[in-house]
Amino acid sequence: ATKLLFRDKQRQLHLFDIKTQKRTTLLTYCNYVQWVPESDVVVAQSRGDLCVWYSIDAPDRVTIVPIKGEVIGIKRENGVTSVIVTEGLSGYINYDLEEGLIEFGTALEGKEYEKAAEKLKLLTITPEIEAMWKQLSKVVLDDHKFHIAEKCFAALGDVAKTRYLHKLVKECEK
């Protein structure tokens, strides 16, 4: 484990990074929180909002969906991940999560960098996707996978780094 997720007595949701020993407050009020099974995605409820962190390494990038009712669980089956919400007399409603973003995290954790880049390439650039490209670029640079880092910086629009990495990859091929 590299991260610890917890609520304090005031129901504030915190993320603790074990490596850096840094704590980040994610929500000031949280009545439900859970990791999505077999991923690094976090789902939480704060009053009438469903909050989803597809990349917990970028805690400031959160997807917020207004809901009515209470989150009671998460289910993953047949390639679909859903948050189950009970909405009073109307019963249960499923809110589907973005499976491509969940699969990115799983691929990254399994060091399947090419697969992670392919998942991101299929998605429209949003602040969350940009954070994921940055996360992938850092990991692949640390792992000396310069050809993948080149793709990351191209997707981020960083021309200087893309050109430098392109030259570096060409030199390595010689």
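Please read these numbers as outputs of a predicted model, since none were measured by experiment. (Residues numbered from 1 in each chain as written. Predicted model: local features only at pLDDT ≥ 70, side-chain atom pairs only at ≥ 80, totals over all residues. Heavy atoms only, no water.)

Peer 1: What am I meant to see in the overall build of the protein here?
Peer 2: If you tally the helices and strands in the protein, you get five helices and ten strands. For the protein, the spread of C-alpha atoms along the three principal axes comes to 65 × 35 × 25 Å. Residue burial in the protein is summarised as follows: out of 174 residues, 40% are buried. Counting only contacts in the protein whose residues sit at least 6 apart along the sequence, the fraction spanning at least 24 positions is 30%. Summed over all atoms, the accessible surface of the protein reaches about 10200 Å², with 52% contributed by carbon and sulfur. Of the side chains in the protein, 25 bear a positive and 26 a negative charge, and the two mean positions are spaced by 5 Å. (Helix = DSSP H or I, 4+ residues; strand = E, 2+ residues; numbered from the N terminus. Buried < 20%, exposed > 50% of the residue type's maximum accessible area, 1.4 Å probe, protein only. Contact = heavy atoms within 4.5 Å. Areas by Shrake-Rupley, 256 points an atom, 1.4 Å probe, with all protein chains shown as cover. Lys, Arg positive; Asp, Glu negative; His and termini not counted. Charge placed at Lys NZ, Arg CZ, Asp CG, Glu CD.)

Peer 1: Looking at this structure, I do not really get the layout of surface pockets. What am I missing?
Peer 2: The gaps of empty space that remain are located by a probe, the size of a water molecule, rolled over the atoms. The calculated volume of the largest pocket comes to roughly 890 Å³. Thr2, Lys3, Asp57, Gln135 and Val139 are, among the 23 residues lining the largest pocket, the residues nearest its centre. Of all the secondary-structure elements, those providing two or more residues to the lining of the largest pocket are α1 (99-109) and α3 (127-142). Taken together, the residues that form the lining of the largest pocket break down as eight nonpolar, five polar and ten charged. Every residue lining the second largest pocket is listed: Lys3, Leu15, Asp17, Thr20, Lys22, Thr24, Ile56, Asp57 and Pro59. (1 Å grid on protein atoms, 1.4 Å probe; cavity = no way out; pocket = protein on both sides within 12 Å on 5 of 7 lines; lining within 4 Å. Points joined across faces, edges and corners; volume = space filled by probe spheres on them. Nonpolar A, V, L, I, M, F, W, Y, C, P; charged D, E, K, R; others polar.)

Peer 1: Help me out: how do you make sense of the packing of aromatic side chains in this one?
Peer 2: Any two aromatic rings considered together are summarised by their centre-to-centre distance and by the angle between their planes. Counted by the stated rule, this structure contains zero aromatic pairs. The ring centre of Tyr29 lies 4.1 Å from the NZ or CZ of Arg47, which sits over that ring. (Phe/Tyr/Trp six-rings, centres within 6.5 Å; stacked < 30°, edge-to-face > 60°. Lys NZ or Arg CZ within 6 Å of the ring centre and 35° of its normal.)

Peer 1: Explain helix α4 (residues 146-156) here, please?
Peer 2: Owing to its 3.6 residues per turn, the α-helix aligns residues three or four sequence positions apart on the same side. Looking at α4, one finds that the buried residues are Ile148, Ala149, Glu150, Cys152 and Phe153. Positioned one or two residues after α4, Gly157 has a phi angle of 80°, which is positive.

Peer 1: Would you mind going over the nonpolar core with me for this structure?
Peer 2: The biggest cluster of nonpolar side chains holds 34 residues, and the ones touching the most others in it are Val43, Leu50, Tyr54, Val83, Leu97, Leu120 and Leu136. Of all the secondary structure elements, the ones that give two or more residues to this core are β6 (49-53), β8 (70-77), β9 (80-86), α1, α2 (113-121), α3 and α4. With residues up to four places along the chain from it excluded, the contact list for Leu136 reads Phe104, Leu108, Tyr113, Ala116, Ala117, Leu120 and Cys152. Core analysis: the second largest hydrophobic core is formed by eleven residues, Leu13, Leu26, Trp53 and Ile56 among them. (Core = buried A, V, L, I, M, F, W, Y, C linked by side-chain atoms within 4.5 Å.)

Peer 1: Please clarify how the pairing of β9 should be interpreted in this entry.
Peer 2: The two faces of the sheet receive side chains in turn, since in a regular strand these alternate between them. Of all seven residues that make up β9, five are buried, and the element is covered over most of its length. In this structure, β8 lies alongside β9, joined through seven bridges in antiparallel fashion. From the neighbouring strand, Val71 faces β9, where its bridge partner is Val85. Adjacent in sequence and paired antiparallel, β8 and β9 are bridged by two residues, among which Asn78 carries a positive phi angle near 55°. One ladder, built from five bridges, connects β9 with strand β10 (residues 92-96); its direction is antiparallel. For Val83, the partnering residue across the bridge sits in β10 and is Tyr95. What sits between β9 and β10 in their antiparallel hairpin is a turn of five residues, with Gly88 showing a positive phi close to 60°. (Pairing = 2+ DSSP bridges.)

Peer 1: Explanation requested: the packing of α3 against α4 in the structure shown.
Peer 2: Helix-helix packing is described using two parameters, namely the angle between the two axes and the distance between the axes. Viewed as axis vectors pointing N to C, α3 and α4 meet at an angle of 155°, and their least axial separation amounts to 9 Å. Classified by the angle their axes make, α3 and α4 are roughly antiparallel. Read as a crossing pair, α3 and α4 show a hand that is left-handed. From α3, Glu130, Trp133, Lys134, Leu136, Ser137, Val140 and Leu141 reach across to α4, where they touch Phe146, Ile148, Ala149, Lys151, Cys152, Phe153, Ala155 and Leu156. Looking at the contact of α3 with α4 residue by residue, the class counts come to eleven nonpolar, one polar and three charged. (Axes fitted to C-alpha atoms, helices over the stretch in contact; angles between N-to-C directions. Parallel < 35°, antiparallel > 145°, perpendicular 65-115°, else oblique. Left-handed = near helix turned anticlockwise from the far one by under 90°.)

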